[in-house]
Amino acid sequence: MPCCSGCRGRAKSVPADSRAAALVEAARDGDARSLARLISQVENGSAELRPVMAAITPYPGHARVVGLTGSPGVGKSTVTAALVRAYRALELRVAVLAVDPTSPFTGGALLGDRVRMQDHAIDRGVFIRSMASRGHLGGLAVAAPQALRILDAAGFDVICVETVGVGQAEVEIASLADTTLVITAPGMGDSIQAAKAGILEIADIFVVNKSDRPDAQDVVRDLRNMLAMARYSEGAWKPPIVSASATTGEGIDELAGRLDQHWEWLGESGERDRRRLARAREEVSAIAVAEMRRQIGGLPGQSRLDDLARLVSGGKLDPYSAADELIGESAFNSYGPSTS
Ligand code: GDP
């Protein structure tokens, strides 16, 4: 699309701002390919993201972000698919973002997720996408919030963020959600251990999946015992435990009800605003750190950083002096002198 009479017929000269605005408009009109392109830009840390983020700022959406986390095999994808079905029955538009914080490349597990979610593949009210952070200097700390912003601006009512693997990075991604589901299942010997190791604090709702199996009640009991020892201040949210069997859909209505309750509590308690503010803070600082890394030469083989690294590894310069030199040279130093 020409941006002025002078540019007519010269697509290459369309400025980045106009390109970004056109892509954002198309995504907001429900064009899945444009939306997919925007998420790819996030994944690759494209330079086009700056105008894209500016273009979506006037369109804050109303999406509710639901995080799903838990050990591989507990049934995250199956629960996600069941939730998508429940929300579609209410005619809500749902996006699913499967993020892999542990691997820089999209792995087989994510492909499996996509295949499993295929019964939603032709539904225009559902957008499913897996995302890694290869090429993004800020990593998932920057990529995931950016993807959420884009999906929100595209008008989705619910965004499910499903993570792969267990670990600190997963906890970070889950903390992007308004409501975090920690999913466990019987026969996963380590799931409660994993929960104890840090996932516990981020759980707004526990889901004991595979409740069709006889040993599911043991998992519920263990969780109940664990929660009985926790202390909650007045008015705090106490995470409920929902038993579900995602393959049959049993317990999914109850789960959707608990999600609604939590959403209401988030609004009434002011916690939603607090969480979103904290998230924006993290996002801005992650972008700033990534920008600094870019300026000092964050990617190997391209900068003065490599020369300095060679001097340090060769024992010719100490690392502090090298760092001073690097910062002294970088553009961000012009933001103001250090007062120390
Ligand atoms: P994820 O790795 O956490 O995403 O787990 P998946 O959703 O891929 O599920 C792992 C396996 O558990 C699959 O074979 C599912 O069919 C199975 N599964 C998922 N939910 C249930 C359930 O409610 N009951 C039973 N018996 N199996 C389930």
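Residues numbered from 1 in each chain as written. Predicted model: local features only at pLDDT ≥ 70, side-chain atom pairs only at ≥ 80, totals over all residues.

> I keep staring at the overall build of the protein and nothing clicks. Help me out?
Helices and strands together make up the secondary structure of the protein, namely 13 helices and 7 strands. Long-range pairs, those at least 24 residues apart, make up 73% of the contacts in the protein with a sequence separation of at least 6. (Helix = DSSP H or I, 4+ residues; strand = E, 2+ residues; numbered from the N terminus. Contact = placed C-beta atoms within 7 Å.)

> Just checking my understanding: could you explain the site of the ligand for this structure?
Every one of the 15 residues lining the ligand counts as a neighbour, but G75, K76, S77, T78 and S245 are closest to it. For the shell around the ligand, the class distribution of residues is 3 nonpolar, 8 polar and 4 charged. (Near = placed C-beta within 6 Å. Nonpolar A, V, L, I, M, F, W, Y, C, P; charged D, E, K, R; others polar.)

> Would you take a moment to explain the sheet that holds strand 3 (residues 126-131) for this structure?
Backbone hydrogen bonds hold the strands of a sheet together, and the pairing may be parallel or antiparallel. Taking strand neighbours across the sheet as the criterion, the 7 strands line up as 3-2-4-1-5-6-7 in an open arrangement whose pairing is parallel. Lying at the two open borders of the sheet, with one neighbouring strand each, are strand 3 and strand 7 (241-243). Going from strand to strand, the sheet's axes swing by 20 degrees on average, the running direction of each strand aside. For strand 2 (residues 94-99) and strand 3, the ladder comprises 6 bridges, and the chain directions are parallel. Paired with A98 across the strands is S130, a residue of strand 3. Here helix 10 (residues 252-269) sits on the sheet in contact with strand 1 (64-69), strand 5 (179-184), strand 6 (205-208) and strand 7, set at roughly 170 degrees to strand 6. (Pairing = 2+ DSSP bridges. Axes fitted to C-alpha atoms, helices over the stretch in contact; angles between N-to-C directions.)

> Is there a simple way to explain the environment of A27 in this structure?
With respect to the element layout, A27 can be found in helix 1 (residues 16-28). Sequence separation between A27 and G155 is 128 residues, and the spatial gap between their C-alpha atoms is 9.1 Å. Look past the residues within four positions of A27 in its chain and what remains in contact with it is S34, L35, L38 and A154.

> Any chance you could explain the packing of helix 1 against helix 2 (residues 32-44) here in plain terms?
The geometry of a pair of packed helices is captured by two quantities: the angle between their axes and the separation between those axes. The contact between helix 1 and helix 2 brings their axes to 7 Å, and the two run at 130 degrees. Judged on the interaxial angle alone, helix 2 and helix 1 are oblique. In this structure, helix 1 crosses over helix 2, and the sense of that crossing is left-handed. Residue-level inspection shows L23, A26 and A27 of helix 1 in contact with helix 2, the latter providing S34, L35, R37 and L38. Broken down by class, the residue content of the contact of helix 1 with helix 2 amounts to 5 nonpolar, 1 polar and 1 charged. (Parallel < 35°, antiparallel > 145°, perpendicular 65-115°, else oblique. Left-handed = near helix turned anticlockwise from the far one by under 90°.)

> Whenever I open this one, unusual backbone geometry confuses me. Can you help?
Look at E91: it is not a glycine, yet its phi comes out positive at around 60 degrees. Here E91 shows up in the loop between helix 4 (76-89) and strand 2. On the basis of neighbour counts, which here come to 8 C-beta atoms within 10 Å, the residue E91 falls in the exposed class. Despite not being glycine, K210 has its phi angle at roughly 60 degrees, a positive value. For K210, a count of 23 C-beta atoms within 10 Å translates into the label buried. (Buried ≥ 20, exposed ≤ 12 C-beta atoms within 10 Å, placed from the backbone.)

> What is the right way to look at helix 10 in this model?
A rise of 1.5 Å per residue sets the reference length of helix 10, with its 18 residues, at 26 Å; its end C-alpha atoms lie 25 Å apart and thus fit the reference within 8%. All of the buried residues along helix 10 are I252, L255, R258, L259, H262 and L266. Summarising the axial view, the buried residues of helix 10 lie within an arc of 110 degrees, below the 170-degree limit, and thus occupy one face. Structural note: helix 10 exposes D260, E264, G267 and E268 on the side pointing more than 90 degrees away from its buried face. Residues of helix 10 that are buried make contact with strand 1, helix 4, strand 5, strand 6, strand 7 and helix 11 (271-296). In the stretch just after helix 10, G270 is the one whose phi turns positive, near 85 degrees. (Expected span 1.5 Å × (residues − 1). Arc of directions from axis to C-beta.)

> Is there a simple way to explain the pairing of strand 6 in this structure?
Side-chain positions along a regular strand alternate between the two faces of the sheet. Judged by which residues are buried, strand 6 turns out to be covered on both faces: I205 and V207 on one side and F206 and V208 on the other are all buried. With 4 bridges connecting them, strand 5 and strand 6 associate as parallel partners. Considered in strand 6, the bridge of I183 is made with V207. With 3 bridges connecting them, strand 6 and strand 7 associate as parallel partners.

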